[in-house]
Structures are given as C-alpha cells and as structure tokens.
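# Observations on the model geometry
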Amino acid sequence: MEKVYGVIGNPISHSMSPAMLNDMFETYHIEARYHAFHVQTGQVKAAIEGIRGLGVYGINVTIPHKVEVIDYLDEVEEVAANIGAVNTIVNENGKLIGYNTDGNGFIRSLNRVISNEELRSANVLIVGAGGAARGIFISLAAMGVSKIDIVNRTIERAKGIIDDCRFEVESHPLSFKEAEASLSKYQVVVNTTSVGMHPNVDDTPLSVENLAPKTIVSDIIYNPFETKFLRDAAKYGAITQNGIGMFVYQGALAFEKWTGIFPDTDRMERLVTKLLGGRTC
Ligand code: NAP
C-alpha cells in the first residue's frame, strides 16, 4: 500500500516540499506520496492525532506550527528540544518522534565550502535571532563549533538564544555597529534575517566593508537567488552561498530519517531552482 507523508503549515500552498520529495520517492522507487496539509491555528493537536490515527509515516512541519507540535509528540530529539522547534516527525509504529533538520540542513549545505573540522575552529557570526537563527546557532554549538556571536536588531533575542543553549560555546550578543567593526575576525558569516528578501531586494542587513577576503558568507534567503548582502560580500572577495542549499538539505535529512536513504541533493537542488525560477515572489 502507498505510504503517506506530508507537510503541515499555514499557509502551505506555496510549499516546494511536495514537488521535491515526491520526486525523491519516485527516483528511489518508493511507493509513497507526499502531500501538503493546510492546518489552521487551533487544529494542530487534531492534526498530530491524525498522523497516529491514519498511520501517516512522516510529516514535515513548517511555520507557524514548529513550536506547538512539540506538546503532542511522544519524544523529541535532544537538539530539537533545545531549539524548541520540530520540523520533522517520524512515526515509528505509532510512536511520534520529533527532529529538527533545519540547523543540520544549513550545516550540510555549508559543508560544500567548509569541512566540519574547519567549522569547529572557525569564528562564526550569525546575523539575526529569529527561529532560523536559533536552529542554526544550537545545531552549530551541538556539533562543537566553539565561537559563535549573534548580531540582532533586538539584542534581547540574541541573548535569549545564547542563554538557552545547552551546549558549550563562547558567544557574545552584538549590536550592528559592534559586528560591522569587528567583521574581519569571522571566517563564517550567515544572514538569517529576512532583510533583503523579495520584494525588498535593495535592503541589506549589514555593511560588509570590513570582511576579510575568502570569508564564507551565507544568506539563508533564496528569493532572490542572490541578495544584495551576498553581492556586496562577493565584491569584498567572500565565498558566497544562498539559502537553496539549506532548504534542500533539511528536506534530504528528513527523507533520510523516513527511508534510511540519503537522497540525491544535486537533483533536488536542480528541481527547486527550476521551481523558483518560474516565480515572481
Ligand atoms: P523570524 O523568526 O521572524 O526572524 C526574523 C529575523 O529578522 C529577526 O532576527 C528580526 O530581528 C530580523 N529582522 C526582520 N526585519 C528586520 C529589519 N527591518 N531590520 C533588522 N532586522 C530585521 O524569521 P525566521 O523564521 O527566522 O526566518 C528568517 C529568514 O530566513 C526568512 O527570510 C526565511 O525565508 C528564511 N529561512 C530560510 C530557510 C531555508 O531553508 N533556506 C529556512 C528558514 C527560514 P528582530 O529580532 O529585531 O525582530
């Protein structure tokens, strides 16, 4: 019988996950179908009970339900519990286990330009302190990255992430002025704010004049493909990457948790790039 997988969120119709993951189920000849489920606020508990009741094999969770679902799961993996958000649920014979593959998805995409060993000894700067920043900060700390600073407009949110982290890490919350002045000391800089996202494509979160050449600069935004932040950083000799990789790898890691197969991420990336290419927003 065809296995059922899917993603819950609100809104959800724009999600690229069904196209990306159905293509992977077909590629690996797995009899399964991945659907998008529009779950309204107030219906999350019922939706999770539905996973159990209907025998759905696995679910991705997206905005705004990533935090609330935790209350209805049987178990939450350590890093996801520390992040306080779940984006992947595995149904193991009726036992629902929550994971967060967003942060590790980011790390896997970063591994295209830096090894984990180099990353552990790098000085990392995270720009932003929202949900995505939290996942990335805690996943980096969990894998042993020892120095991670956070710069954010609302400094309390940066402090909150640092205080909540249960993994050993040296970290300072910074103002934009402080971060811009000390930019040359970082080997990896990642923008996790929504500044520069379509339609505000002329905005940038941070001036990059003080970047050291060959700094790895990542922006988790993928619409547009190249933000002003990445364009500016490239002018100063940075190695840049956009957010498509993070999106692809978070999906690939979820697929692996469900099937045991780590899928063809190059094929996934080609598909997502094609889907985004046809979009205006
Ligand atoms: P979020 O929780 O709402 O956080 C937004 C962040 O952006 C906060 O740090 C916020 O600062 C900052 N910000 C927003 N407007 C700003 C402005 N005008 N000036 C300065 N800072 C501003 O959002 P999120 O879920 O973390 O998502 C953030 C971005 O990551 C979005 O663009 C999203 O599309 C992208 N994303 C990509 C992936 C991927 O797979 N590539 C995954 C998740 C998210 P304050 O705290 O001061 O408000």
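This write-up is about the structure you can find in this document. (Residues numbered from 1 in each chain as written. Predicted model: local features only at pLDDT ≥ 70, side-chain atom pairs only at ≥ 80, totals over all residues. Heavy atoms only, no water.)

## Focus on the environment of Arg 134
The topology assignment puts Arg 134 in helix α6 (residues 131–142). Taking the C-alpha atoms as reference points, Arg 134 and Ile 161, 27 residues apart in sequence, are found 6.1 Å from one another. Discounting residues that sit within four places of it in the chain, Arg 134 has contacts with Asn 82, Ile 83, Gly 160, Ile 161 and Asp 164. (Helix = DSSP H or I, 4+ residues; strand = E, 2+ residues; numbered from the N terminus. Contact = heavy atoms within 4.5 Å.)

## Points about the site of the ligand
Among the 21 residues in the neighbourhood of the ligand, the closest are listed as Ala 132, Asn 152, Thr 154, Arg 157 and Ile 220. The backbone of Phe 247 places a nitrogen or oxygen atom 3.4 Å from an oxygen atom of the ligand. When the ligand is considered free in solution it has 930 Å² of accessible area, and contact with the protein chains removes 72% of it. If you list the elements that add at least two residues to the shell around the ligand, you get α6 and α10 (244–259). Per-class residue counts for the shell around the ligand are ten nonpolar, nine polar and two charged. (Near = heavy atom within 4 Å. Polar contact = N/O pair within 3.5 Å; in protein donor to acceptor, adjacent residues only side chain to side chain. Areas by Shrake-Rupley, 256 points an atom, 1.4 Å probe, with all protein chains shown as cover. Nonpolar A, V, L, I, M, F, W, Y, C, P; charged D, E, K, R; others polar.)

## A short note on unusual backbone geometry
The linkage connecting Asn 10 with the following residue, Pro 11, adopts the cis geometry, with an omega of 10°. Structurally, Pro 11 is set in the loop between β1 (3–9) and α1 (17–27). Looking along the chain, the bond that leaves Asn 223 and enters Pro 224 is cis, with omega of 10°. Positionally, Pro 224 belongs in the loop between β11 (216–219) and α9 (228–235). Non-glycine residue His 29 carries a positive phi angle of around 55°. Looking at the element boundaries, His 29 is found in the loop between α1 and β2 (32–38). For His 29, a relative accessible area of 74% translates into the label exposed. In the Ramachandran plot, Asn 93 falls in the positive-phi region, its phi being about 50° despite a non-glycine side chain. On the secondary structure map, Asn 93 appears in the loop between β5 (88–92) and β6 (95–99). Residue classification places Asn 93 among the exposed residues on the basis of a relative accessible area of 83%. (Buried < 20%, exposed > 50% of the residue type's maximum accessible area, 1.4 Å probe, protein only.)

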